[in-house]
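Structural characterization, general
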Amino acid sequence: MDFNLTEEHLMIQQAARDFAQNELLPGVIERDEKQIFPTEQIKKMGELGFLGMMVDPKYGGSGLDAISYVIAMEEISKVDASASVVMSVNNSLVCWGLQEFGTEEQKQKYLPGLASGQIHGAFCLSEPEAGSDATSQKTTAIDMGDHYLVNGTKNWITNGNTASVYLVIAQTHPELKHKGINALIMTKDMPGFSVGPKEQKMGIRGSDTHSLMFSDVKVPKENRIGEDGFGFKFAMKTLAGGRIGIASQALGIASGAYELALKYSKERKAFGTEICNHQAIAFKLADMAVNIEAARHLCMKAAWDKDNHKNYDVSGAMAKLFASQVAMDTAVEAVQIHGGNGYVKEYHVERLMRDAKITQIYEGTSEIQKIVISRAVIAG
């Protein structure tokens, strides 16, 4: 058992850290306040290989392992969770799903653009009546012979308006319930595809979140991923990896908040000394450090399981459950350590606190993670 990062991992960590500090930090407050999508920054992330980290080089990707992905996600998320959620969706859900389950033609058609950042993708599962209960898909994909006719609505879609490629989960055979669901590759230029208004969110405000509407959209049969009825299994397998990405995002939010709080506590003085010298603050910092280290180990273990082709359903769920709670707790305490300054935008921690909450909700709520974990524990 070796806990040391490789030279390659350390280089990736430094590259991600430099990019976050030099490219993402400038303007991050304004992007949050005005809900500005980080278009130029996302393009640069693609050029650096951060949008196709685990994609095979023959499709234009970086060909790196999941541990590299966790490392980079943490560094990016320390500064801008709105940028890192684009990175997470594109890597974990869209690129990985296509590479793992797509046909050779689908891979060659879509992966080079997605991995290079020329375009980015969206994963479309959630609906107004199908959130945690993902089996209750109301979006339909009727088999018309050589194509599917898609009707329905998807909501809370990250990259909803800026994406070019959409992986859409829809019901083809309602009588078969979840075994009748398909996964289809759709593009925004398909007639009948429309994008709703941008959501006004509490956090990750720079990310592009919309509802999508489909009205008699014709999707060619060759755009189906996997066999007929594979869609639900595809969604679950893909989300299992996505949880590693969101766990890493939560880890980064926690780490970012902790680093800001530690720095501030060494500069701010009260009662004649730096506030880090007061036990009330020192103990908060100790708790943060322990929880972040534990969260990091859970994220790395899940990534290691994935890299070694082991089942990572439970380790990914554990990482996301714990890291998201650590992100929330750490960000709240970081605001507290900053006192009144923590409540204003220029000190960043209030944004991190708002961003942290979503990590307990999307790609499977904390309650869903507990269902996954408890079933595995009980089954032995």
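- Per an unreviewed UniProt entry, the protein is named Acyl-CoA dehydrogenase, and its organism is Flavobacterium tagetis.
- Under the UniProt heading Cofactor (unreviewed entry), the entry covering the protein gives this text: "FAD".

1. Digging into the layout of surface pockets
- Of the voids in this model, the second largest pocket is the one considered here, and its volume is about 570 Å³.
- Around the second largest pocket sit 17 residues that line it, and Asp2, Phe3, Ile67, His297 and Met300 are the ones nearest its centre.
- Every element with two or more residues in the lining of the second largest pocket is listed here: helix H1 (7-24), helix H4 (66-79) and helix H8 (279-307).
- The element contributing the most residues to the lining of the second largest pocket is H8, with six residues.
- Across the lining of the second largest pocket, the residue classes break down as seven nonpolar, five polar and five charged.

2. Here's the deal with the side chain of Thr187
- With respect to the helices and strands, the residue Thr187 is situated in strand E5 (residues 181-187).
- At a separation of 2.6 Å, a polar atom in the side chain of Thr187 contacts the side chain of Asp189.
- In contact with Thr187, not counting residues within four places along its chain, are Ser164, Tyr166 and Phe193.

3. Describing the packing of helix H7 (residues 231-267) against helix H9 (residues 313-338)
- Look at H7 against H9: their axes get within 7 Å of each other, and the N-to-C directions meet at 25 degrees. On the basis of the axis angle, H7 is roughly parallel to H9. Note on packing geometry: the crossing formed by H7 with H9 is left-handed.
- Grouping the constituent residues of the contact of H7 with H9 by class yields 20 nonpolar, five polar and three charged.

4. A closer look at the nonpolar core
- Met45, Ile76, Met87, Leu98 and Leu167 are the most contacted members of the largest nonpolar core, which totals 90 residues.
- Dropping the residues within four chain positions of it, Met45 is found in contact with Phe19, Phe50, Leu51, Ile76, Ala83 and Met87.
- The next biggest cluster of nonpolar side chains, apart from the first, holds 18 residues, and it includes Tyr166, Ala170, Met190 and Leu212.

5. Topic: helix H11 (residues 366-379)
- In this model H11 runs 20 Å from its N-terminal to its C-terminal C-alpha over 14 residues, within 8% of the 20 Å that 1.5 Å per residue would give.
- Three or more residues of H11 are buried, namely Ser366, Gln369 and Ile373. End-on, the buried residues of H11 take up no more than an arc of 60 degrees, which puts them together on one face. Residues of H11 that are exposed and point over 90 degrees away from its buried face: Glu367, Arg375, Ile378 and Ala379.

6. Focus: the UniProt feature "domain: Acyl-CoA oxidase/dehydrogenase middle" (unreviewed entry) in the protein
- When the UniProt feature table is mapped to this numbering, "domain: Acyl-CoA oxidase/dehydrogenase middle" (unreviewed entry) covers residues 122-217.
- The span residues 122-217 shows a helical share of 0% and a strand share of 50%, and its end C-alpha atoms are spaced 17 Å apart.

7. Looking at empty space enclosed by the protein
- Tallying each qualifying case throughout the model produces two cavities of 30 Å³ or more.
- By volume, the largest cavity is sized at about 50 Å³.
- Lining the largest cavity, in full, are Val28, Arg31, Asp32, Asp80, Ser82, Arg205, Gly206, Arg351 and Asp355.
- When residues of the lining of the largest cavity are traced back to their parent elements, those giving at least two are helix H2 (28-34) and helix H10 (349-358).
- Residue contributions to the lining of the largest cavity peak at three residues, all from H2.
- A breakdown of the residues in the lining of the largest cavity according to their chemical character gives one nonpolar, two polar and six charged.
- When its volume is computed, the second largest cavity comes out at roughly 40 Å³.

Cut-offs used in this document
Residues numbered from 1 in each chain as written. Predicted model: local features only at pLDDT ≥ 70, side-chain atom pairs only at ≥ 80, totals over all residues. Heavy atoms only, no water. UniProt positions renumbered as here; feature names shortened; annotations may be inferred. 1 Å grid on protein atoms, 1.4 Å probe; cavity = no way out; pocket = protein on both sides within 12 Å on 5 of 7 lines; lining within 4 Å. Points joined across faces, edges and corners; volume = space filled by probe spheres on them. Helix = DSSP H or I, 4+ residues; strand = E, 2+ residues; numbered from the N terminus. Nonpolar A, V, L, I, M, F, W, Y, C, P; charged D, E, K, R; others polar. Polar contact = N/O pair within 3.5 Å; in protein donor to acceptor, adjacent residues only side chain to side chain. Contact = heavy atoms within 4.5 Å. Axes fitted to C-alpha atoms, helices over the stretch in contact; angles between N-to-C directions. Parallel < 35°, antiparallel > 145°, perpendicular 65-115°, else oblique. Left-handed = near helix turned anticlockwise from the far one by under 90°. Core = buried A, V, L, I, M, F, W, Y, C linked by side-chain atoms within 4.5 Å. Buried < 20%, exposed > 50% of the residue type's maximum accessible area, 1.4 Å probe, protein only. Expected span 1.5 Å × (residues − 1). Arc of directions from axis to C-beta.

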